[in-house]
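If you want the building blocks of each chain, they are given just below.
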Amino acid sequence: MAEVEDKLKDYEIKKEGEAEILMLKSNGVFFNPVQVHNRDMSIAVLRTFVSKRKEEHEALLNKKNKSHKKSNQIETSVVNGDAALTSQHDKMDVVYEKEPNQATNEIEDASKEATKTPSWKVTRELKPPVVLEALAASGLRSLRYAREVDGLEKVVALDNDKASVEACKRNIKFNGSAAINKVEAHLADARVYMLTHPKEFDVVDLDPYGSPSVFLDSAVQAVADGGLLMCTATDLAVLCGTNGEVCYSKYGSYPVKGKYCHEMALRILLASIESHANRYKRYIVPVLSVFMDFYVRVFVRVFTSASEIKNTPLKLSYVYQCAGCDSFHLQSLGRTVTKNNSVKYAPGIGPVVPQECVDCGKKFNVGGPIWSAPIHDQDWVLSTLTDVRPMKDRYPAYNKITSVLTTVSEELHDIPLFFSLHSISGTVKCTSPSAVMFRSAVINAGYQISSSHVNPLGLKSDAPWDVIWDIMRCWVKNHPIKEQPHDTPGTAILSKSPQIEANFSRAVAALSKAQTKKVKRFLPNPESHWGPKVRAGRTITSKHISLLGAEAINGAICHQEANGAATDKPDSDTGGTVVTDEVDEPSTKRQKTSDGEQSTEP
């Protein structure tokens, strides 16, 4: 027992769900407990995928069975007709080269063929899905998949860092036979591995530290037809517009700043995945796209069809964002023209806006292209939510994922982007109406409106912007404000008379079902410093206090000092020593391992 304790003194046992891992206290392998939300959501969607995959396979078999029976009936009726003609000709003493009983033999042969097992039915049975985790690190995600998701054949865990692969193999053994029989760990570059295994994996999971852009091209090739690609992006500063030129170089889209920036990040990522898939005659169908904590996460299915990719321009749009007010407009990249029962594809007609905003007179910023088609499949969302609810004990982050799925299920799925009620109130410098009153006014005007899972104050609506501003004009008319400078966007908006009379009386649909039942939809962080962590291999110092907190920093520094992490360096001037706790921090550049292969930090 003492030997076991001695071996484990440098490790911490981390338990999440049904999996346990051994983590080095020295931050040698990346692990972020905050990502429990990410892992729980992935497990929930993966369970739905397994069940949907079986349903689709059974439906396909039933469809083939019905079509085969129908064709068999047609063939039998044709044979019977030939037999009737033969009997008539026999009565007329017509001489045939065939034997008199040949028609009867043909009928018997046809009936025998009908009883045989058809060739299409001798199809291989639906094999259990194979999962690839391209960037495994400690292997916790792979272990949870193997232990918690029923019906998987195996899980392949990859990493190009030797320490991570060793940790992954150690954790596989630590989790016993249930993990050993299903999880494989390999030291490999994920991009090369996916390129050399095309269409071999039913599920591919990308959860990198930062941007997934360099993995997308190989990932869309590794997914089997109808398979599931799960992808995370944590570089929200890039995707949300802080570094637009970097976003364009990585994802092929230029972001514009707006309250909807996190949803735009989702749509930029989806557009980038679609672009990579189209190069190989493949296309994507999003089933769930969420913004949680400090990252975006998309779940898309990948299919192959040379004809379907012609519809891609119809799913992409440019965004015109007014520089003065909150108005935004979308310009589709393509359109279809129907002529003589034939459909032709043509460029989109534009621009959809004049040079200056009709509401406030300011110029427009142009961003995109972004994915403007639905980012969720409502059937999948409801199925996932239904499956999760009775399994509360199996999801450590049950409250978080149910709140997100509930809010997503109530979104207007065909309305891209959203606006903030507080932001449009700030534009006209008035006290904001309550969400219920504003939503009632939109509904009473004959339009739809819903909340957004991205922002508690976000509202999605199919109402045009002139209606939105008319409602605000009516609100300000009833709640007067101080006189504002004449050159502000708000003054320009309020200077126009409303074309409709807003009705703020409470509408029945102003509150969603979740709000009526008082279901919690936006939860606070469970603890402080709930966010990204220090990259693996880096020495934890006092500069990381904003990420980890003072208590974690003190504990990490004490552990490093106890293990000799603090190194004595000779001082060139005095001949003495200088103690530093940052000398072992590795460079962020790619480094060569001992066997000559390049590796990157996990």
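Residues numbered from 1 in each chain as written. Predicted model: local features only at pLDDT ≥ 70, side-chain atom pairs only at ≥ 80, totals over all residues. Heavy atoms only, no water.

Examining the overall build of the chain
Right, on to step 1. Check the secondary structure of the chain and you find 20 helices and 21 strands.
Right, on to step 2. Within the chain, buried positions represent 46% of all 602 residues.
Right, on to step 3. The long-range share in the chain, meaning contacts at least 24 apart out of those at least 6 apart in sequence, stands at 67%.
Right, on to step 4. Summed over its atoms, the accessible surface of the chain is roughly 30,600 Å², and 52% of this surface lies on carbon and sulfur atoms. (Helix = DSSP H or I, 4+ residues; strand = E, 2+ residues; numbered from the N terminus. Buried < 20%, exposed > 50% of the residue type's maximum accessible area, 1.4 Å probe, protein only. Contact = heavy atoms within 4.5 Å. Areas by Shrake-Rupley, 256 points an atom, 1.4 Å probe, with all protein chains shown as cover.)

Brief notes about the nonpolar core
Right, on to step 1. With 84 residues, the main nonpolar core has M194, V204, L206, L229, I273 and F438 as its most contacted residues.
Right, on to step 2. The leading source of residues in this core is helix α11 (residues 261-278), at ten residues.
Right, on to step 3. Beyond its immediate stretch of four places on either side in the chain, M194 contacts L132, A134, V204, L206, F215, S218, A219 and A222.
Right, on to step 4. Membership of the second largest hydrophobic core comes to 48 residues, among which are C168, I172, A179 and L288. (Core = buried A, V, L, I, M, F, W, Y, C linked by side-chain atoms within 4.5 Å.)

A few points about the packing of helix α10 (residues 244-251) against α11
Right, on to step 1. Where α10 contacts α11, the two axes come as close as 10 Å, and the packing angle between them is 30°. Considered as vectors, α10 and α11 are oriented roughly parallel to each other. In this structure, α10 uses C247, K250 and Y251 to contact α11, whose residues at the interface are I268, L269 and S272. (Axes fitted to C-alpha atoms, helices over the stretch in contact; angles between N-to-C directions. Parallel < 35°, antiparallel > 145°, perpendicular 65-115°, else oblique.)

A closer look at the sheet that holds strand β9 (residues 295-304)
Right, on to step 1. One open sheet accounts for seven strands, arranged β5-β4-β3-β6-β7-β9-β8; its pairing is mixed. The open sheet has two edge strands with one neighbour each: β5 (183-187) and β8 (282-292). Averaged over all pairs of adjacent strands, the angle between their axes in this sheet comes to 15°, without regard to strand direction.
Right, on to step 2. One ladder, built from three bridges, connects strand β3 (residues 130-133) with strand β6 (residues 201-206); its direction is parallel. Within β6, the position partnered with V131 by the bridge is V203.
Right, on to step 3. Running at roughly 180° to strand β4 (residues 154-159), helix α4 (residues 140-148) makes contact with β3, β4, β5, β6, β7 (223-233) and β9 of the sheet.
Right, on to step 4. Together, β4 and β5 form the strand contacts of helix α5 (residues 162-174), whose direction differs from that of β5 by roughly 165°. (Pairing = 2+ DSSP bridges.)

Considerations on the sheet that holds strand β10 (residues 316-322)
Right, on to step 1. Taken in spatial order, the three strands line up as β11-β10-β14 in an open sheet, and their pairing is antiparallel. Each edge of the sheet is formed by a strand with only one pairing partner; in this case those strands are β11 (328-332) and β14 (364-371). Put simply, the sheet's adjacent strands are angled 25° from each other on average, direction ignored.
Right, on to step 2. Pairing between β10 and β14: six bridges, direction antiparallel. In the sheet register, V319 faces β14, and the bridge partner there is G367.
Right, on to step 3. Each of β10 and β14 is contacted by α11, which is oriented at about 55° to β14, the strand it contacts most.

Looking at a nonpolar patch on the surface
Right, on to step 1. Together, L314, V343 and Y345 make up a nonpolar patch on the protein surface, roughly 250 Å² of accessible area in all.
Right, on to step 2. Relative accessible area serves as the criterion here: at 32%, L314 is assigned to the partly exposed category. (Patch = residues over 30% accessible without salt bridge, like charges linked within 9 Å, V, L, I, M, F, W, Y side chains within 5 Å. Salt bridge = Lys/Arg side-chain N within 4 Å of Asp/Glu carboxyl O.)

Brief notes about α10
Right, on to step 1. The set of residues buried in α10 consists of G244, C247 and Y251. Viewed along the axis of α10, the buried residues span an arc of 55°, placing them on a single side of the element.
Right, on to step 2. Where α10 is buried, its residues meet α8 (213-222), β7, α9 (236-239) and α11. (Arc of directions from axis to C-beta.)

Considering the pattern of salt bridges
A side chain with one charge can pair with a side chain of the opposite charge if their charged atoms come near.
Right, on to step 1. Summed over all chains, the structure comprises 20 salt bridges.
Right, on to step 2. The salt bridge involving R53 is made with D202; its shortest N-O contact spans 3.5 Å. Residue R53 is located in helix α2 (residues 36-91), and its partner D202 is located in strand β6; the two are separated by 149 residues in the primary sequence.
Right, on to step 3. For R53, a relative accessible area of 15% puts it in the buried group.
Right, on to step 4. Here D202 falls in the buried class, since its relative accessible area comes to 13%.
Right, on to step 5. Of the charged contacts, one joins D470 and R473 as a salt bridge, the two residues approaching to 2.5 Å between their closest N and O atoms. Taken as a pair, D470 and R473 lie in helix α16 (residues 465-478) at a separation of three residues, close to a single helical turn.

A closer look at the pairing of strand β1 (residues 11-16)
Right, on to step 1. The sheet contact formed by β1 and strand β2 (residues 19-24) spans six bridges and is antiparallel. Considered in β2, the bridge of E16 is made with A19.
Right, on to step 2. A loop of two residues connects β1 with β2, the two strands running antiparallel in sequence, and G17 in this loop sits at a positive phi of about 65°.

Structural notes on α5
Right, on to step 1. Helix length check: α5, at 13 residues, gives a terminal C-alpha distance of 18 Å against a target of 18 Å (1.5 Å per residue), a fit within 8%.
Right, on to step 2. Listed in full, the buried residues belonging to α5 are S164, V165, A167, C168, N171 and I172. Buried residues of α5, viewed axially, fall in a sector of 160°; they line one side. Exposed positions of α5 whose direction lies more than 90 degrees from the buried face are E166 and K173.
Right, on to step 3. Buried residues belonging to α5 abut β2, α4, β4, α6 (177-180) and β5.
Right, on to step 4. G176 occupies a position one or two residues after α5 and carries a positive phi of about 80°. (Expected span 1.5 Å × (residues − 1).)

Description of the side chain of R144
Right, on to step 1. For R144, the position within the fold is in helix α4.
Right, on to step 2. Residue class for R144 comes out buried when judged on its relative accessible area of 0%.
Right, on to step 3. Excluding residues within four positions of it along the chain, R144 makes contact with E16, G17, A19, V36, R39, D40, I43, V149, R394 and P396.

Here's the deal with the packing of aromatic side chains
Right, on to step 1. What the rule picks out here adds up to ten aromatic pairs.
Right, on to step 2. Taken together, the ring pairs connect Y260, F328, F419, F438, W465 and W469 into an aromatic cluster. (Phe/Tyr/Trp six-rings, centres within 6.5 Å; stacked < 30°, edge-to-face > 60°.)

Some points on the environment of V214
Right, on to step 1. Looking at where V214 falls in the secondary structure, it is placed in helix α8.
Right, on to step 2. The class for V214 is partly exposed, based on a relative accessible area of 47%.
Right, on to step 3. On a C-alpha basis, the gap between V214 and K250 in space is 8.0 Å, while along the polypeptide they are 36 residues apart.

Details of the side chain of R267
Right, on to step 1. Structurally, the position occupied by R267 is in helix α11.
Right, on to step 2. With relative accessibility at 1%, the residue R267 sits in the buried group.
Right, on to step 3. Of the polar contacts made by the side chain of R267, one reaches the backbone oxygen of W371; its length is 2.8 Å.
Right, on to step 4. Looking at R267, its side chain comes within polar contact range of the main-chain oxygen of A373, at 3.0 Å.
Right, on to step 5. In this structure R267 touches I370, W371, S372, A373, I375, I415, P416, L417 and K460, once residues within four positions along its chain are discounted. (Polar contact = N/O pair within 3.5 Å; in protein donor to acceptor, adjacent residues only side chain to side chain.)

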